[in-house]
Amino acid sequence: MIKTIETPRLYLREFTIEDAQLLIDLNSNPNVIRYTGDGPVKDLDEAKRILNDIIFPQYKNKMGRWAVHLKSNDEFIGWCGLKFIADDNEIDLGYRFFENHWGKGYASESAKAVLDYGVNTLKLKNIIARAAKDNPASIAVIQKLGFVYLKDEYCGHDPAEVYHYT
Ligand SMILES: CC(C)(COP(=O)(O)OP(=O)(O)OC[C@H]1O[C@@H](n2cnc3c(N)ncnc32)[C@H](O)[C@@H]1OP(=O)(O)O)[C@@H](O)C(=O)NCCC(=O)NCCS
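All residue numbers refer to position in the chain's written sequence, counted from 1. Totals for whole chains, interfaces and linings use every residue, but because this is a predicted model, local features are given only for residues with pLDDT of at least 70 and side-chain atom pairs only at 80 or more, for both listing and counting.

Thoughts on the overall build of the protein
Part 1 of the reasoning: Only runs of H or I of at least four residues qualify as helices and only runs of E of at least two qualify as strands under DSSP, and these elements are numbered from the N terminus. The helix and strand inventory of the protein stands at four helices and eight strands.
Part 2 of the reasoning: Mapped in sequence order, the helices and strands of the protein form the string β-β-α-α-β-β-β-α-β-α-β-β.
Part 3 of the reasoning: Across its three principal directions, the C-alpha atoms of the protein cover 40 × 35 × 30 Å.
Part 4 of the reasoning: It is the C-beta atoms, placed from the backbone, that decide contacts: two residues are in contact if theirs lie within 7 Å. Look at the contacts in the protein between residues 6 or more apart in sequence, and 53% of them connect residues 24 or more apart.

See below:
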């Protein structure tokens, strides 16, 4: 296992191809993907394609979406991490957790550690985070981390806010 970051309650690690089912499970709840701009992962082939084509290539830049686990019992609770978006030449901070783990501070705890890693270890200068206006929990996390509002934009049909951390 390639562990990347540790926090008081959590550890983050690189996904592997064996994690395909976890991506299916996480996206299977409509509440989880309501504001994320993607849909359910339909089968193991699609999950493996996402891992191979989208998630793994990020790891060569020492960043990426990392699996988040509870230290207490090793349970997989979701993912958090930095993603380089080549089309916009920007680094995006994102996170997603199973609904039964919302409201426990895990997004804030993991995202803070990921942000610190991006700023202090990777020396990144301009990290972006975006959230739908109707997703107040995500906006609260972004604001608590010290991101500053940059602009409004649409995420699919959803009005969204873009923040940056410089
Ligand atoms: C958004 C998400 C990651 C938040 O995760 P979480 O672990 O519940 O977040 P935290 O517990 O760290 O913090 C949530 C904050 O939002 C606040 N919050 C929650 N619901 C809120 C609401 N309706 N209005 C205002 N604030 C709200 C909480 O009070 C908390 O702030 P606090 O710590 O200052 O009290 C989680 O809901 C999720 O995975 N959603 C589905 C995927 C998703 O939308 N990802 C983000 C895409 S941009």
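Focus: the site of the ligand
Part 1 of the reasoning: To decide nearness, the C-beta atom of each residue is placed from the backbone, and the residue is near a molecule or strand if that atom lies within 6 Å of it. Around the ligand, the surrounding shell holds 21 residues, and the nearest of these are A107, S108, P136, A137 and A140.
Part 2 of the reasoning: Breaking the shell around the ligand down by element, the ones donating at least two residues are β5 (90–97), α3 (106–121) and α4 (136–144).
Part 3 of the reasoning: No other element matches the six residues that α4 contributes to the shell around the ligand.
Part 4 of the reasoning: Polarity classes work like this: nonpolar for Ala, Val, Leu, Ile, Met, Phe, Trp, Tyr, Cys and Pro, charged for Asp, Glu, Lys and Arg, and polar for all others, with Gly in that last group. Residues that form the shell around the ligand fall into these classes: twelve nonpolar, six polar and three charged.

Observations regarding the environment of I91
Part 1 of the reasoning: Residue placement: I91 occurs in strand β5.
Part 2 of the reasoning: Whether a residue is buried, exposed or partly exposed follows from its count of other C-beta atoms within 10 Å of its own C-beta, namely 20 or more, 12 or fewer, or something in between, respectively; the C-beta atoms are built from the backbone. On the neighbour-count criterion, I91 (21 C-beta atoms within 10 Å) is buried.
Part 3 of the reasoning: Residues I91 and I128, spaced 37 residues apart in sequence, show a C-alpha to C-alpha distance of 5.9 Å.
Part 4 of the reasoning: Aside from chain neighbours lying at most four places away, what touches I91 is L82, F84, G118, L124, I127 and I128.

Examining the pairing of β5
Part 1 of the reasoning: Residues of β5 alternate between two faces, with I91, L93, Y95 and F97 buried on one and E90, D92, G94 and R96 left unburied on the opposite face.
Part 2 of the reasoning: Only when DSSP finds a minimum of two bridges between them are two strands counted as paired. Connecting strand β4 (residues 76–85) to the next strand, β5, in antiparallel fashion are four residues, including N89 with a positive phi near 50 degrees.
Part 3 of the reasoning: With two bridges joining them, β5 and strand β6 (residues 127–132) adopt parallel strand pairing. Bridge pairing links I91 to I127 in β6.
Part 4 of the reasoning: Consider the strands pointing away from the viewer: the crossover is right-handed when the path from the first strand over the helix to the second runs clockwise. Crossover handedness for the path β5 to α3 to β6: right-handed.

Quick word on the pairing of β4
Part 1 of the reasoning: One ladder, built from six bridges, connects strand β3 (residues 64–70) with β4; its direction is antiparallel. Bridge assignment links A67 to a residue of β4, and that residue is W79.
Part 2 of the reasoning: Of the strand pairs in this sheet, β4 and β5 are connected by eight bridges, and their pairing is antiparallel. Paired with G81 across the two strands is G94, which belongs to β5.

Notes on the packing of helix α1 (residues 20–27) against helix α2 (residues 44–59)
Part 1 of the reasoning: Helix axes are fitted only over the stretch in contact, all axes being lines through C-alpha atoms; the angle between N-to-C directions runs from 0 to 180 degrees. Contact pair α1 / α2: the axes reach a minimum separation of 8 Å and the direction vectors enclose 105 degrees. Comparing the axis directions of α1 and α2 gives the class roughly perpendicular. Residue-level contacts link A20, Q21, L23 and I24 of α1 to L44, A47, K48, I50 and L51 of α2.
Part 2 of the reasoning: Residue composition of the contact of α1 with α2, by class: seven nonpolar, one polar and one charged. Each angle is binned into one of four classes, with values under 35 degrees roughly parallel, values over 145 roughly antiparallel, values of 65 to 115 roughly perpendicular, and all other values oblique.

Thoughts on the sheet that holds β6
Each strand in a sheet pairs with its neighbour through backbone hydrogen bonds, running either in the same direction (parallel) or in the opposite one (antiparallel).
Part 1 of the reasoning: The eight strands lie next to each other as β1-β2-β3-β4-β5-β6-β8-β7, forming an open sheet whose pairing is mixed. The two strands at the open ends of the sheet, each matched to only one other strand, are β1 (3–6) and β7 (148–155). Strand-to-strand, the axes of this sheet are offset by a mean angle of 25 degrees, without reference to chain direction.
Part 2 of the reasoning: Bridge analysis of β1 against strand β2 (residues 10–14) gives three bridges, and the strand direction is antiparallel. Residue pairing for β2: E6 is matched across the bridge by Y11.
Part 3 of the reasoning: Where α3 meets the sheet, it contacts β1, β2, β3, β4, β5, β6 and β8 (158–165), and its direction lies at approximately 155 degrees from that of β5.
Part 4 of the reasoning: Strands β6 and β8 of the sheet are contacted by α4, whose axis makes an angle of about 155 degrees with β6.

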